Amino acid sequence: MGTKINVSIVVIAIYSLYYGYMSTARWSAIKRRRLGAKRAKDSGDLEILRNSSPEEQFAVLVVGGRFVNPFPEYREQGIFEFIVWKIVEVIRWNPRAGVPRDKTLLAELLPLYRPDFEVLFDTSGVVVAIGSDLKTESNPDLSPSGNASPMGLTSSVTSAVYYSSDTGSSTNIQLDSMTLADSWTPISQRYVGNAASHVGSHVGSHAGSHAGSHEAHSLSDTSSNTTSSAPHSPAADETATRSMISNDIPPRDERLTVTWIGQSCIFIQCHGINFLTDPLFSARIINSFMGPKRLRPSPCQLEHLPRIDFVLVSHDHPDHLEDETIRKIGNSAMWIVPVGLRRYLARYGIYRVAEMKWWDKIPLPGQERDGWEIACTPAMHWSGRYLYDSNRSLWCSFLILHNARPVIFHAGDTGYSAELFKGISQVYGTGCEIALVPCGAYSPRWHLQPQHVDPAESVQIMVDLGAKRLVGVHWATFMLSDEHYLEPKQKLEQEAVVAGLQDKVWAAEFGRTIVVPYRSADEAGSGSDDDAVFRLPDARVSSIGRLRALEGRHTLIW
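Just so it is clear, the model here is predicted, and its values are computed rather than measured.

Rules of the game
- Residues numbered from 1 in each chain as written.
- Predicted model: local features only at pLDDT ≥ 70, side-chain atom pairs only at ≥ 80, totals over all residues.
- Heavy atoms only, no water.
- Helix = DSSP H or I, 4+ residues; strand = E, 2+ residues; numbered from the N terminus.
- Buried < 20%, exposed > 50% of the residue type's maximum accessible area, 1.4 Å probe, protein only.
- Contact = heavy atoms within 4.5 Å.
- Areas by Shrake-Rupley, 256 points an atom, 1.4 Å probe, with all protein chains shown as cover.
- Phe/Tyr/Trp six-rings, centres within 6.5 Å; stacked < 30°, edge-to-face > 60°.
- Lys NZ or Arg CZ within 6 Å of the ring centre and 35° of its normal.
- Salt bridge = Lys/Arg side-chain N within 4 Å of Asp/Glu carboxyl O.
- Disulfide = S-S within 2.5 Å.
- Axes fitted to C-alpha atoms, helices over the stretch in contact; angles between N-to-C directions.
- Parallel < 35°, antiparallel > 145°, perpendicular 65-115°, else oblique.
- Left-handed = near helix turned anticlockwise from the far one by under 90°.
- Nonpolar A, V, L, I, M, F, W, Y, C, P; charged D, E, K, R; others polar.
- Polar contact = N/O pair within 3.5 Å; in protein donor to acceptor, adjacent residues only side chain to side chain.
- Pairing = 2+ DSSP bridges.
- Expected span 1.5 Å × (residues − 1).
- Arc of directions from axis to C-beta.

A. Quick peek at the overall build of the chain. Regarding its fold elements, the chain presents 17 helices and 23 strands. Counting across all 558 residues of the chain, residues that qualify as buried make up 55%. Contacts spanning at least 24 positions in sequence make up 71% of the contacts within the chain whose residues lie at least 6 apart. Summed over its atoms, the accessible surface of the chain is roughly 23,700 Å², and 55% of this surface lies on carbon and sulfur atoms.

Dropping the structure here:
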């Protein structure tokens, strides 16, 4: 017994020394950088100022073979603090975070919306009718070939409840299994000859009924599919596709779309380029039978989305990167990840990987993506999937740039640093169209403040970036913290009002597609106003400030 106690004391002592060394070394590096920045400002020397830029002040910092945060607001959190927090969690008497046991009530308070597949699949040519849902075939030039796409991998059957805010009714919908091979098959192999005729009947039926009152159907029901040897007509296909979409929605090359799947998993489209961030579709975080469970099912599965071109992973925590989706996507998309994550993806045979460190910037490959870039920007967080690999890989946020202008900011997970986000806007400019920023999982503050922003800090990040719009994500997907599960949305809206930004801030809703008209300065003309270019007919929309909901569908135009 005495020997075991002595060993425990030695282990604790060694860990305490290591923890003390890491904290001291980190703070020494931060002080050196801050002192250098102060001297540069005092000197006024341009060369010195250049060397004390945000890229230098917040460059990647490694201590003892692990990545550490170079931000003065960050506080090292050792295993002892984590254990104390978990003990407090175990002995709590009240139900966690106020989540109701009544699933019907929970479904009404946290509704799932059907993603606007008609809009999302408007990135390609052919429309395929699937029950009362739609799916389109991928651009054959982008379709996987050979073993680039995993074959035979299916999603598990998931039951979802879509809620109609107009009628107050809920409808059960089965999301059946469907392979990626089926959903991303080239056009040349699966052309549907009667797409145009089905378009007319579909639009007509939905004009009479309400878009919110869906009949029960399957997203992957292929019973209505018919094949045809008729020649492929891209022009006719484009006409058929656009006839299903409201005229109020700009064409694919003049819009951005954001669809929140849950946590920080977001399907993004930029002029027809498809991004998936921090992929997570499963019902549980760790595996199918253990780990925190979603409050609501995923609004769709990976197989129901258009083909993914790029996957942006901010860090390796299980609620931001799940193994099942890694297997499904495989090498059919390009993975853009922070330094250190290539090794983990290699376990699954993935080689289409671009590893980036903070302040790196890469162009998106392909002539049709000319002018589009990804910048890897800092975040105040940490990494690790197991107890032994803490901070072995980097963590980050991302900026999607077009013609050197910021378009979409994906924060991933981050705490708030007063100079960090101002520094990002200083390097890449202001005017970001959409900032996707977490607004939940922030309580208790004594423990989570260094790694997760609260709603007030989310709004401040928007201000620091000079972003035009803020979409709050990373809330009410799993309960990994102590705040009431609806509090992030309520507080985000309150903080927006306080800041006078209520028309510019939105708490994301599961599955709901947001469309943002977008033209680069070069396309729209110097000094042009996007809102003026894309002003919508007032008779066709109901105004919600500057966030407008199309009549007859859940899609929002911002």
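B. Broad picture of the packing of aromatic side chains. Scanning all chains against the criterion turns up 13 aromatic pairs. Measuring from centroid to centroid gives 6.4 Å for Phe117 and Phe121, while their planes differ by 35°, and the two rings are tilted. The same class applies to Phe117 and to Phe121, which are both buried. Here the basic side chain of Lys489 rests over the ring of Trp506, its NZ or CZ set 5.6 Å away from the ring centre. Over the aromatic face of Tyr113 sits the side chain of Arg512, whose NZ or CZ is 4.6 Å from the ring centroid.

C. Representation of the pattern of salt bridges within the structure. A full pass over the atoms with the stated rule returns 21 salt bridges. As a salt-bridge pair, Arg307 and Asp309 come within 3.7 Å of each other at their nearest N and O atoms. You can call Asp309 buried: its relative accessible area is 6%. One salt-bridge network, held together by shared partners, links Arg307, Asp309, Glu368 and Arg369.

D. Representation of the state of the cysteines. For the coordinates displayed, the defined rule picks out 0 disulfides. The cysteine Cys270 is free of any disulfide, with Cys432 supplying the nearest cysteine sulfur at 10.0 Å. Here Cys376 stays unpaired: no disulfide links it, and the sulfur of Cys396, its closest cysteine neighbor, is 3.7 Å away.

E. The packing of helix 14 (residues 455-465) against helix 15 (residues 487-498), seen in detail. Taken N-terminus to C-terminus, the directions of helix 14 and helix 15 make an angle of 50°; their axes are 8 Å apart at the nearest point. As the angle between them shows, helix 14 and helix 15 are arranged oblique. In this structure, helix 14 crosses over helix 15, and the sense of that crossing is right-handed. Listed contacts from helix 15 to Pro455, Ala456, Ser458 and Val459 of helix 14 are Pro488, Lys491, Leu492, Glu495 and Ala496. Here the residues of the contact of helix 14 with helix 15 sort into 6 nonpolar, 1 polar and 2 charged.

F. Main features of the side chain of Thr377. Along the chain, the position of Thr377 falls in strand 14 (residues 372-377). Assessed through its relative accessible area of 0%, Thr377 is described here as buried. Of the polar contacts made by the side chain of Thr377, one reaches the side chain of Ser397; its length is 2.5 Å. Once residues within four sequence positions are removed from consideration, Thr377 is found in contact with Trp358, Cys396, Ser397, Phe398, Leu399, Phe409, Ile424 and Tyr428.

G. Structural view of the packing of helix 12 (residues 420-428) against helix 14. For the pair helix 12 and helix 14, interaxial distance at closest approach is 8 Å and the crossing angle is 30°. Judged by the inter-axis angle, helix 12 sits roughly parallel to helix 14. Handedness of the helix 12/helix 14 crossing: right-handed. Across from Phe421, Lys422, Ile424 and Ser425 in helix 12, the residues of helix 14 making contact are Ile461, Asp464 and Leu465. Classifying every residue of the contact of helix 12 with helix 14 by side-chain character gives 4 nonpolar, 1 polar and 2 charged.

H. Quick look at the pairing of strand 18 (residues 470-473). Side chains Leu470 and Gly472 project from strand 18 onto one buried face, and the interleaved Val471 and Val473 project onto a second face that is buried too. As paired elements, strand 17 (residues 434-438) and strand 18 share 4 bridges and run parallel to each other. In the sheet register, Pro438 faces strand 18, and the bridge partner there is Val473. Pairing of strand 18 with strand 19 (residues 505-507) involves 3 bridges; the strand directions are parallel. Note that in strand 19 the partner of Gly472 across the bridge is Ala507.

I. The arrangement of the sheet that holds strand 16 (residues 405-410) in detail. An order of 13-14-15-16-17-18-19 is seen for the 7 strands of this open sheet, with the pairing classed as mixed. Each end of this open sheet is capped by a strand with a single partner; those strands are strand 13 (361-363) and strand 19. The average undirected angle you get between the axes of adjacent strands in this sheet is 25°. Direction of pairing for strand 15 (residues 397-402) relative to strand 16: antiparallel, over a ladder of 5 bridges. Across the sheet, residue Leu399 finds its bridge partner in strand 16, namely Phe409. Its contacts with the sheet put helix 14 on strand 16, strand 17, strand 18 and strand 19, and the angle it makes with strand 17 is roughly 150°.

J. Fine view of the environment of Ala411. Structurally, Ala411 is set in the loop between strand 16 and helix 12. Its relative accessible area of 0% is what places Ala411 among the buried residues. Separated by 50 residues in sequence, Ala411 and Ile461 place their C-alpha atoms 9.6 Å apart. Sequence-distant contacts of Ala411, that is, excluding residues within four places in its chain, are made with Ala379, Cys396, Ser397, Leu436, Val437 and Pro438.

K. Local environment of unusual backbone geometry. The residue after Ser443, namely Pro444, is reached through a cis peptide bond having omega 10°. Relative to the helices and strands, Pro444 is located in the loop between strand 17 and helix 13 (445-448). In this structure, Ala476 is a non-glycine residue whose phi angle is positive, near 55°. Owing to a relative accessible area of 6%, Ala476 belongs among the buried residues under this scheme.

L. Here's a closer look at helix 15. Counted at 1.5 Å a residue, the expected span for helix 15 with its 12 residues is 16 Å, and the 16 Å between its end C-alpha atoms agrees. Burial in helix 15 covers these residues: Pro488, Leu492 and Ala496. Take helix 15 and look down its axis: the buried residues cluster within an arc of 70°, on one side only. Along helix 15, the residues that are exposed and aim more than 90 degrees away from the buried face are Val497 and Val498.

M. Representation of the environment of Asp253 within the structure. Within the secondary structure layout, Asp253 lies in the loop between helix 9 (234-243) and strand 7 (255-262). Owing to a relative accessible area of 41%, Asp253 belongs among the partly exposed residues under this scheme. For the pair Asp253 and Gly272, spaced 19 residues apart in sequence, the C-alpha separation works out to 6.4 Å. Among residues more than four places away in sequence, those in contact with Asp253 are His271 and Tyr518.

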